[in-house]
Amino acid sequence: MFKMDLLSQQFVLPGQVLATSHSETEGGFLRGHGTYVELVPEGGEEGDDDCGNDVMVGGMAGVSKKKRPTAWGSGGGSAQGEVMHTDGSDDKDKDGEDEVEGQTSKGPQRLIASVAGTVERVNKLISVIPLSPSVYTGQVGDLVVGRIVGVGGSRWKVSLACSPPSSSGSNGAMKEGQLPLSGVNLPGGVQRIRTSEDVLAMRTLFKEGDLLTCEIQQVQNDGTLILHTRSLRYGKLENGVLLTVPPSLVGRRKNHFVTLKGLKTSADAVDEDGEGDVDVYLGLNGGIWIQRTVPSEWEEAIRSDQDERAPLAETLQKLRHRHATTRVSRSMRERIARVRNAVECLRLVHCQISPDSIEAVARASLDAGVRVADMLLPENVVKLTE
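Residues numbered from 1 in each chain as written. Predicted model: local features only at pLDDT ≥ 70, side-chain atom pairs only at ≥ 80, totals over all residues. Heavy atoms only, no water.

Enquirer: Describe the sheet that holds strand S15 (residues 241-244), naming the residues involved and giving the relevant values.
Expert: Read across the open sheet, the four strands follow the order S15-S18-S17-S16; overall the sheet is antiparallel. The open sheet has two edge strands with one neighbour each: S15 and strand S16 (257-260). Pairs of neighbouring strands in the sheet enclose a mean axial angle of 20°, with direction left out of account. The sheet contact formed by S16 and strand S17 (residues 278-282) spans four bridges and is antiparallel. Paired with Leu-260 across the strands is Val-278, a residue of S17. (Pairing = 2+ DSSP bridges. Helix = DSSP H or I, 4+ residues; strand = E, 2+ residues; numbered from the N terminus. Axes fitted to C-alpha atoms, helices over the stretch in contact; angles between N-to-C directions.)

Now the structure itself:
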């Protein structure tokens, strides 16, 4: 049985022992995220008292019990002596419930925290919730910005780290999603069953290295994220700026497609091609995409040249093509860079990134007369974000 009354929401550090089991068959706990299981080494608990293989919660793996630090957190003095253990003898549990995933060896086992965070328990499932998660887990309905890293098997493999495939920095720590062929819109918005010809032409839609916005459609039991781009708002991203921030800084909102207006200076009274506003796509995985707002004149010109009964998907496809092939004016590039540096300022001070905070920093830089190139100077970062 577990003793968890005073241990819930307790703060733990990586390497601290969360639970032990006397069971001669399998452990009496289930491993949740943020934890891992190891066997108690033979003779590793010699000299302990009559608690046998029980370990004080808060102790570090591989450290004798007499030298282990007391429990962490706000449990008070009564929690420091708590022992959380299981004997694997709960007859009310279903057969096989106390199996530990990936653990086939028999003997005493212990559950150890792999991240810093708070302990959370649901029946026999013990997890550690990170205080500031750096790895995006994903939920159904989340908007994410990803990069295609593989094509094959009627699906695309999408890295949610957003970094280029050539850089091996953080890709391994970030989840990857799968975008099936059935989850994308065919050219022209045609609705039909996908064929083998569509499979052969997959790289005409997305190829390795392409950036795209998509939505999480399903989270499978093994944690695999199934994505889709069937909404007309989603698709390939071109002619803009991408930057990545910790996922914990981007909160869930009703709308993650936002437009920032009125960021013109006095010298930008008239902008070429009707440009003026800036679009920001806030991905919950930490990917943020910034581009110009497509002028309404473009859509009017396209509609006047095509049949009135043409589907909306065809119109949007032509708009995206014109956006991707039309050069961005100098003044618009400066506004995009200002918004980009505003997001970077918020990241440097670990402030929540939202449309309001981005606009506030960008406007503060305009009011203070700070050049785009000087926004990331330490003194200006503090001044613009205070």
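Enquirer: Pulling in residues and values, what's your account of the sheet that holds strand S3 (residues 30-31)?
Expert: Across the sheet, which stays open at both edges, the four strands sit in the order S1-S7-S8-S3 with mixed pairing between neighbours. Either end of the sheet is taken by a strand with one partner, and the two such strands are strand S1 (11-12) and S3. The pairing of strand S7 (residues 117-122) with strand S8 (residues 125-130) spans six bridges and is antiparallel. Paired with Val-119 across the strands is Val-128, a residue of S8.

Enquirer: Give a detailed account of the side chain of Asn-285, specifying residues and quantitative values.
Expert: Relative to the elements of secondary structure, Asn-285 occurs in the loop between S17 and strand S18 (287-292). Only 2.7 Å separates the side chain of Asn-285 from the backbone oxygen of Val-145, close enough to count as a polar contact. (Polar contact = N/O pair within 3.5 Å; in protein donor to acceptor, adjacent residues only side chain to side chain.)

Enquirer: Explain the packing of helix H4 (residues 296-305) against helix H5 (residues 312-325) residue by residue, including any values.
Expert: Two elements in contact, H4 and H5, have axes separated by 10 Å at closest approach and are oriented at 125°. Comparing the axis directions of H4 and H5 gives the class oblique. Considering the relative orientation of H4 and H5, their crossing is right-handed. Facing Trp-298, Glu-299, Ala-301, Ile-302 and Arg-303 of H4, the residues of H5 in contact are Leu-312, Thr-315, Lys-318, Leu-319, Arg-322 and His-323. Taken together, the residues that form the contact of H4 with H5 break down as five nonpolar, two polar and four charged. (Parallel < 35°, antiparallel > 145°, perpendicular 65-115°, else oblique. Left-handed = near helix turned anticlockwise from the far one by under 90°. Contact = heavy atoms within 4.5 Å. Nonpolar A, V, L, I, M, F, W, Y, C, P; charged D, E, K, R; others polar.)

Enquirer: Provide a residue-level description of a nonpolar patch on the surface, including the pertinent values.
Expert: Nonpolar side chains collect at one region of the surface, where Leu-348, Val-349 and Leu-376 lie side by side and expose about 220 Å² of accessible area between them. Among the secondary structure elements, Leu-376 is positioned in the loop between helix H7 (355-367) and helix H8 (378-385). (Patch = residues over 30% accessible without salt bridge, like charges linked within 9 Å, V, L, I, M, F, W, Y side chains within 5 Å. Areas by Shrake-Rupley, 256 points an atom, 1.4 Å probe, with all protein chains shown as cover. Salt bridge = Lys/Arg side-chain N within 4 Å of Asp/Glu carboxyl O.)

Enquirer: Talk me through the environment of Trp-298; I want residue IDs and the actual numbers.
Expert: Mapped onto the fold, Trp-298 is located in helix H4. The class for Trp-298 is buried, based on a relative accessible area of 3%. Counting along the chain gives 21 residues from Trp-298 to Leu-319, while the straight-line C-alpha distance between them is 7.1 Å. (Buried < 20%, exposed > 50% of the residue type's maximum accessible area, 1.4 Å probe, protein only.)

Enquirer: Quick one: what's the story with the pattern of salt bridges, residue by residue and with numbers?
Expert: Under the definition given, this model contains twelve salt bridges. When salt bridges with common partners are traced through the structure, they connect Lys-207, Asp-210 and Lys-236 into a single cluster.

Enquirer: Lay out H7 in plain terms, naming residues and giving numbers.
Expert: Between its first and last C-alpha atoms H7 spans 18 Å; for 13 residues at 1.5 Å apiece the expected length is 18 Å, and the two agree. Among the residues of H7, Pro-355, Ser-357, Ile-358, Val-361, Ala-362 and Ser-365 are the ones counted as buried. In this fold, the buried residues of H7 make contact with S16, S17, helix H6 (330-348) and H8. Once H7 finishes, Gly-369 follows within two positions and takes phi at roughly 70°, a positive value. (Expected span 1.5 Å × (residues − 1).)

Enquirer: Lay out H8 with the relevant residues and their values.
Expert: Within H8, the full set of buried residues consists of Asn-380, Val-381 and Leu-384. Relative to the axis of H8, the buried residues are bounded by an arc of 105° and lie together on one face. For H8, the exposed residues set more than 90 degrees away from the buried face come down to Pro-378, Glu-379 and Val-382. In this fold, the buried residues of H8 make contact with H6 and H7. (Arc of directions from axis to C-beta.)

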